[in-house]
Structures are given as C-alpha cells and as structure tokens.
Amino acid sequence: MTTTLTSMLSPARRDVLRRRIRIVVAITITWNVIEAIVALLAGSAASSAALVGFGLDSIVEVLSAAAIAWQFSSPDPERREKVALRVVAVSFFALAAYVSVDALSSLFGGREPDHSPVGIAIAALSLLVMPFLSWFERRTGRDLGSASAIADSKQTLICTYLSAALLVGLLLNSLLGWAWADSVAALVIAAFAVREGLEAWRGDACCAAPVSVLTGERQADSCCNAEGEAGSSDIAR
C-alpha cells in the first residue's frame, strides 16, 4: 500500500507531507527530551518508580521518533521503511518490558513514592501535547501511505496513555494513598504496547491493532481496505 499511495501522489504533495512528518517528529523529539529530564529528576527526588519509568519511556519515544526522522531525511524514504518499522517495534517492546517490570516491582515490592507536584504537572502537560502530535503524525502518515509514520504515531499515543496512568496514579497516591493504582494501569498499557510492537515488526502498522480501533483509525475488521479507500479519497481531493 505504501508504494502505491506514494506513487499516486504528485511530487509537490509528497514533498509537503514528508516535510510535515519531519516537523512533527522534530517537535516530538524536543518535547520528549524535556519530558524525560523533568520526569527523571522529579522521580529521583520523590523516589517514584512510576515517574522514573515515565522518564525512561520518553527516551524510548525519542528513539522511535529519531528512526522516523532518519527515514525521512532520505530522498527516498520508502527504502528505509522496513528498518524504521523494526526500530519502532523494538521501541514498543522495550517500553512494554520496562513498564511491566517496574509495575510489578511497585506492586509486590511495597514501594510508596512521595507526593510529587512536579510529576503531576508534567503528566498533565503531556496529556495536552501528545494526543495532538499523535493525531497529526497519524493523519499525515495515512495521507502519505507510510506504515512507519503511522506506527510511530501509535507509539506517541501509547505514551499518552502512560501519561494518563501516571497522572491518575500520582493523584490517587497523593489523595488516597493508593500506591498500586498506576501499576495496574501501566500493566494494561504494556499489553497494548506488545501488540502494537508485533504489528509494526510484521509491517502491518495499520492492521489488527487494538489502539487503532480505539482511536477510530479503522473498523475492527476492515483496516487495510479503509486505509486504502481513505488514501484514495484524499488523493482525489
């Protein structure tokens, strides 16, 4: 599908879409670097494994976005598509592995982090920024027919869910003393990350992925057809 849609686009339109992806990836990398620094410092100060994990997750997101930046720095990005997808997939797996280990350690290790106003603030800000970045990259990737850009947008969306889980966990811990809440939510998100990683590894970033259904990107049983029809109608317009 990637080659077909790309070949149907005019050179000018293709260049515009590629430039948009480079811009959103640059913004995503910049935001995640800031997010990682703040979360790691706040997590260390509050002895919060969830915050430290969130900061490390931001570093994983930087790796994923950097792979897309590398792909679209080439005059022929399609040649680098498979490698970029593999990097995104590995980033998903790394995210899931760390989040799972960290969540289980928090659940069974009896760690109780301190209250962290800075952590609550960075999680709330992330909830405002990341959904827009994910939507914009996913839409542009669909128009361009780029599976790697779509996969990276889902990586960003997973990080949005982590932001929500972190925020809820920090608030529940601060207000009610429920230190286990964010760990349970994180384990659910880790399951989504594994599924998305498998799809990206196979090169089916648009197909059979639960996050795709949740975002309304596709219907449960007609992903690729819907993607192709959407791409064709966008081109026609």
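Look up a bit, the structure's there.
Owing to the predicted nature of the structure, the values given are computational and were not obtained by experimental measurement.

(A) Fine view of the nonpolar core. Ranked by internal contacts, the top residues of the largest apolar core, which has 44 residues, are Ile21, Leu51, Ile68, Leu95 and Leu166. Elements supplying a minimum of two residues to this core: helix H2 (11-46), helix H3 (49-71), helix H4 (81-109), helix H5 (117-144), helix H6 (147-176) and helix H7 (181-202). In terms of residues, this core owes the most to one element, H6, which gives 10 residues. Those residues within four positions of Ile68 in sequence are excluded, and the remaining contacts are Ile21, Val25, Ala84, Val88, Glu137, Ser148, Ala149 and Asp152.

(B) Fine view of empty space enclosed by the protein. All told, the structure shown has three cavities of 30 Å³ or more when counted by the stated rule. Along the wall of the largest cavity there are 15 residues; nearest its centre are Ala50, Val99, Asp102, Leu162 and Ala186. Residue assignment for the lining of the largest cavity shows that the elements contributing at least two residues are H3, H4, H6 and H7. No other element matches H4, which puts five residues into the lining of the largest cavity. Looking at the lining of the largest cavity, its residues break down into nine nonpolar, three polar and three charged.

(C) Representation of H6 in the model. Over its 30 residues, H6 extends 43 Å from the first C-alpha to the last, a length consistent with the 44 Å expected when each residue adds 1.5 Å. Judged by how many residues are buried, H6 sits mostly within the fold: 22 of 30 residues are covered. Just beyond H6, the residue with positive phi is Gly177, at close to 75 degrees.

(D) Molecular detail of the side chain of Glu137. Summarising the element assignment, Glu137 is placed in helix H5. This buried residue, Glu137, is left without a salt bridge; Arg138 holds the nearest opposite charge, at 8.6 Å. Contacts of Glu137, omitting those with residues within four sequence positions, involve Val24, Val25, Ile68, Ala149, Asp152, Ser153 and Thr156.

Definitions and cut-offs
- Residues numbered from 1 in each chain as written.
- Predicted model: local features only at pLDDT ≥ 70, side-chain atom pairs only at ≥ 80, totals over all residues.
- Heavy atoms only, no water.
- Core = buried A, V, L, I, M, F, W, Y, C linked by side-chain atoms within 4.5 Å.
- Buried < 20%, exposed > 50% of the residue type's maximum accessible area, 1.4 Å probe, protein only.
- Helix = DSSP H or I, 4+ residues; strand = E, 2+ residues; numbered from the N terminus.
- Contact = heavy atoms within 4.5 Å.
- 1 Å grid on protein atoms, 1.4 Å probe; cavity = no way out; pocket = protein on both sides within 12 Å on 5 of 7 lines; lining within 4 Å.
- Points joined across faces, edges and corners; volume = space filled by probe spheres on them.
- Nonpolar A, V, L, I, M, F, W, Y, C, P; charged D, E, K, R; others polar.
- Expected span 1.5 Å × (residues − 1).
- Lys, Arg positive; Asp, Glu negative; His and termini not counted.
- Salt bridge = Lys/Arg side-chain N within 4 Å of Asp/Glu carboxyl O.

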